[in-house]
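Okay, here's what each chain looks like letter by letter:
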Amino acid sequence: MSTPHMIAPRTPRGREQAAPADRQLDLLPLPSKEEEAAAAPPSAPPAAAEPALAPAMAVPDGSAAAPPKRRATAEQMAQKQREISISEFFTKNRHLLGFDNPSKALLTAVKEAVDNSLDACEEAGILPEVRVEIGELPGGRYRVAVEDNGPGIVKAQIPKVFGKLLYGSKFHRLKQSRGQQGIGISAAVMYGQLTTGKAAVVVSKTGRGRPAHHFEIQLDTRKNAPVVLRDEEIPLEKDHGTRVEIELVADWLHGQRSLTRYLEQTALANPHAAFTYLRPGAEAIVFPRASSEPPKEAVEIKPHPHGVELGALMLMLSESKARGLGAFLCQEFSRVSSRLADEICDRAQLPRTRRPSSLDRAQAEALHRAIGETRIMAPPLSCLSPIGDELVRKGLINFLSVTEADAPDPEAGGGAEEPGRGRGGAEAAEERAPDEPPDPEVARIKGQTFFIATVTRPPRVYRGNPFQVEVGLAHGGNWPADRPIELYRFANRVPLLFQRSACGMTDAIVKTDWRNYLLSQPKGALPVGPMVLLVHIASVWVPFTSESKEAVAHYPEIIKEIQLAAQECGRKLAAHIRRRQHADYEAKRRSIFELYIRELAHSLHGLTGRPEDRIEKKLLALAKGFTGGEEDGRPERVENEEGEEPPARAPSPPEDEAE
Amino acid sequence: MDATSRKTTQKLVKLAEDVVAQASAGRNPAVEVPTRSLANVRFNEKKRIIELGGDKQKRLFFNVAQAKKFMQTFLVGAACRELIAEGKTTSIRDLYYLTKHTLGKTKQNTFEEQEESDPIIEDLEVTVDALREELHLFASNKGNLVGEITLVDSGDTIDARRMGSGGWGVPSIVEADVIQFKRHEAKFVLLVEKDAVFRRLNEDRFWKKHHCILIHGGGQPPRGVRRLVHRLHDELSLPVYVLVDNDPWGFYIYSVVKQGSINLAYESMRMAVPRARFLGLSSFDKERFGLPDNVTIQMTEDDERRGKQMLAYPWFEQKPWRREIERMLKSGVKLEIEALSSMGISFITDEYLPKKLREGDWLE
Ligand SMILES: Nc1ncnc2c1ncn2[C@@H]1O[C@H](COP(=O)(O)OP(=O)(O)OP(=O)(O)O)[C@@H](O)[C@H]1O
Ligand SMILES: [Mg+2]
């Protein structure tokens, strides 16, 4: 097996290891209908609403005769009712942020920091150089450090960025970025603090000649506010960048696999970035940059009118400083000209001069409906920054090269026996190579042949949000041909490692009929074959199913685009497989004929006494003419070797007759 | 080298020369192999034997599906030519090992198993129109003979009355140049399907009491046994009786003895005994002889399918045969010859066969 650890664990042992994270996560999203029904039978009052009036628990089943005794009054309860801070909420519901268990915590902490680094570099137009360090400490603790060469963070912001949940620069704008909620890194800080009591250490420098700031930050969970334990200036050699260190309790043994996968796949989707990964007990991994071309800058856009929900619209109306409705529509939204604003106002039967904040609920609703009924140009697509065909391809090649060079996975069960099979395939490819037309989509990596195809779809819109889908596949090598393909999901260049089955991207791939593209596919499952499939969705707002950003919601527009891209890639793959099958067939055919010719020549010599090599030569010359499996047509041109005896005009008598 | 051998050699060489000539002329080398399949056999109503039709199949060398067989045909041809030249004869199993070898540096062999080489031999026989024996080949020996006859086998005189419990082993090649009949008192030939039944009858000296020649072919009788029975019938005018199990396979064996097999249809002329008589076991024997119920065996799906196929054979067209087969299918059970032992160990010798022969209770 070529890339043992990038492939989802397949050995029974590997499966056990990966399972806890996956399994627990799959339970996460909203309880299923059945669960809800079980928790609250339709007839019973909602348990939380009137706990005091519904003491069903205290009464043994069937003995409802005794009148229930009141236990708490509304006043008593009022004493307990108070605001819950966002940090308190997430402390209890840490799984929502991806910190459900110690093996996953490691990955989530690294991921939040790395995503931020890549975002910051991209925004600043810097080619990222990211260093990830995991250090082992006594007592099941680990120190996670992520350092970048990004623009840095100004001193005043550092405490809030790392010590306050829901604080960030990306939530209030519409622009493609990895982070979007303003929770990520502070959640990691909070988790570290909860499990070890230690503060996070942040060092950041914003430019040459400026001082680097060294902070030690904790998070006051009651108030959801930062507590700065230390703040000092230190000398730092590099010009700019940020380093964050978090100590946390983690399960390295079980967590390392997904961490490596995350970094590999992040490198794959960010070919412009370089990564160094230092880890305990194993060699460092370096992912070099595959392209020195920074991604196209994603431009911030205003929301598209068709994407706004009524509540959001009402909020915007109440907060707007615009003097009239017409101006409000033009200023707050993209693609609304003043003529179009007039049209919307007319349709809503509201004057365009009306002060936005004066609209009541019914009028806001009328406006919302009018927006929905008006034809509006699709949102500008400059806000998207897909990876691009060429870079997906480079990323895949780079990925295949690096992951291969990496230490073999000791758990790659059948690994030992597979190289033989694979090498055989590679040799066959080599043999074929001379007379096979060069296939630009075929890459030879580490002695193995891979077919690579990529498709970038034109941008589309779901609920007013532009998005774009890319699909890339690598097929071949000596990957096992009888196992499901590897599906790598990405959203805004961030790999999604968990909740695979809950994800709309998986669904789109499973529902694509890959048998059309010469792969086998069990019903309702991923196709089977030696293939890695990459699916990337780029959007200003990726509809995740939860805050941990692990699965994409099932929007039909998105699913359809993914399928179209997959089909396009699939067609390329099918053409390639067909070409290969044909080439294989031809090569096999030719070599088999050569063997048979040798045999036949020998037998004919034994029977006729004619020279064996002459017969063989004749047959070989003939073989060239008979191509393509035709039955008994004459070859176009028969090459009779110069100076050869004329065709058996005077057969020499068999020896026996001479007796 | 005798005339037959010379002639056979010429036929083989000609086949090879044709191929060389075709190759030299830039044509795809081809040999024409008479088709040995059900579609190309005819039941000759007059002679009442299965005959090979005139269909031929072109076997091309430059054809992915046929190249291997083509190569194999000449591999066997060359081996046979050598055998003839050296004056040696060998079994078809030996020939398989003789011609089997690895192709180049692959894992493929010229032949993977004997099942692959046997049909090639048969192909060669029909293609050059030579008998297996003329190619100096024989099938495995299987089948024994005892009874009231003295014959010569490769110069040795064999008194078949004094062959002990096992009998004389019938060789594969029983042509007149190898086997000559010297003297006999036999009135008929009894061919039984099974060795065990043969031993029982031999121990009881059935052949002595009833003046016959007793032969078994160990299931489907091999070519040597069939050819010998044919000769005994033809040259000594002895009627031939066949005793087989009451099941589709037994009936099939009888039918092969009688009119030849589809596979070796080209040899029916010298093998088949169209007037061979089916003595038993009949589907009605169980009742007639009052055999107990517990001796029957349930028919399998295969048996049933085979039985139904047989109803379509032209030689089982006559009413009594239909009754036999339909009765068997309807009862859903089959009966082995050994089932007769349930009536006593020598019931078959003392009662069953004498009664059948006496009463003329057979089918033709
Ligand atoms: N390494 C960094 N370099 C520069 N700015 C950073 C860095 N890390 C974080 N920031 C800033 O801090 C903000 C908060 O980061 P945080 O990860 O908490 O939220 P986010 O990335 O906006 O959203 P999400 O919760 O989806 O990750 C970011 O929006 C960004 O402006
Ligand atoms: Mg973030």
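These figures come from a predicted structure and were not determined experimentally. (Residues numbered from 1 in each chain as written. Chains lettered and ligands numbered in written order. Predicted model: local features only at pLDDT ≥ 70, side-chain atom pairs only at ≥ 80, totals over all residues. Heavy atoms only, no water.)

Now for the packing of aromatic side chains. Here the structure, examined in full by the defined rule, presents 26 aromatic pairs over all chains. Ring geometry for B:Phe188 and B:Tyr241: centres 5.2 Å apart, planes at 85°, overall edge-to-face. Of this pair, B:Phe188 sits in strand E12 (residues 188-192) while B:Tyr241 sits in strand E14 (residues 240-243); the two residues are 53 residues apart in sequence, bridging distant segments of the chain. Across this residue pair, the class does not change: B:Phe188 and B:Tyr241 are buried. Measuring from centroid to centroid gives 5.2 Å for B:Tyr241 and B:Trp362, while their planes differ by 75°, and the two rings are edge-to-face. You can see B:Tyr241 sitting in strand E14 and its partner B:Trp362 sitting in the segment after helix H13 (347-359), a full 121 residues away along the chain. Among the aromatic residues, those joined into a ring-pair cluster are B:Phe251, B:Tyr254, B:Phe278, B:Tyr313, B:Phe316 and B:Trp321. The ring of A:Phe498 carries A:Lys104 above its face, with NZ or CZ at 4.5 Å from the centroid. (Phe/Tyr/Trp six-rings, centres within 6.5 Å; stacked < 30°, edge-to-face > 60°. Helix = DSSP H or I, 4+ residues; strand = E, 2+ residues; numbered from the N terminus. Buried < 20%, exposed > 50% of the residue type's maximum accessible area, 1.4 Å probe, protein only. Lys NZ or Arg CZ within 6 Å of the ring centre and 35° of its normal.)

Residues and elements named next belong to chain A. Neighbouring ligand 1 are 22 residues; Ser169, Lys170, Gln180, Ile183 and Lys549 lie closest to it. Between Gln181 and ligand 1, the recorded distance is 2.9 Å, taken from a backbone N or O atom to an oxygen atom. A distance of 3.1 Å separates an oxygen atom of ligand 1 from a polar backbone atom of Ile185. Here ligand 1 has 600 Å² of accessible area as a free molecule, and 92% of this is covered by the chains. When residues of the shell around ligand 1 are assigned to their parent elements, the largest contribution, four residues, is made by helix H5 (residues 102-124). Split into classes, the residues belonging to the shell around ligand 1 amount to six nonpolar, 12 polar and four charged. (Near = heavy atom within 4 Å. Polar contact = N/O pair within 3.5 Å; in protein donor to acceptor, adjacent residues only side chain to side chain. Areas by Shrake-Rupley, 256 points an atom, 1.4 Å probe, with all protein chains shown as cover. Nonpolar A, V, L, I, M, F, W, Y, C, P; charged D, E, K, R; others polar.)

What follows concerns empty space enclosed by the protein. Residue and element names in this part refer to chain A. Counted according to the given criterion, the structure contains 12 cavities of 30 Å³ or more. Surrounding the largest cavity, Asp119, Glu122, Glu123, Arg173, Lys175, Gln176, Ser177, Arg178, Lys296, Glu297 and Ala298 form its lining. For the lining of the largest cavity, the residue count by class is one nonpolar, two polar and eight charged. Considering only enclosed or pocket space, the second largest cavity measures out at about 80 Å³ in volume. Counting residues per element, the lining of the second largest cavity draws most heavily on H5, which supplies five residues. Residue classes in the lining of the second largest cavity are distributed as six nonpolar, three polar and five charged. When residues are assigned to domains, the lining of the second largest cavity turns out to be shared by domain 2 (90-250) and domain 4 (389-410 + 418-580), each giving three or more. (1 Å grid on protein atoms, 1.4 Å probe; cavity = no way out; pocket = protein on both sides within 12 Å on 5 of 7 lines; lining within 4 Å. Points joined across faces, edges and corners; volume = space filled by probe spheres on them. Domains from an automatic or database assignment.)

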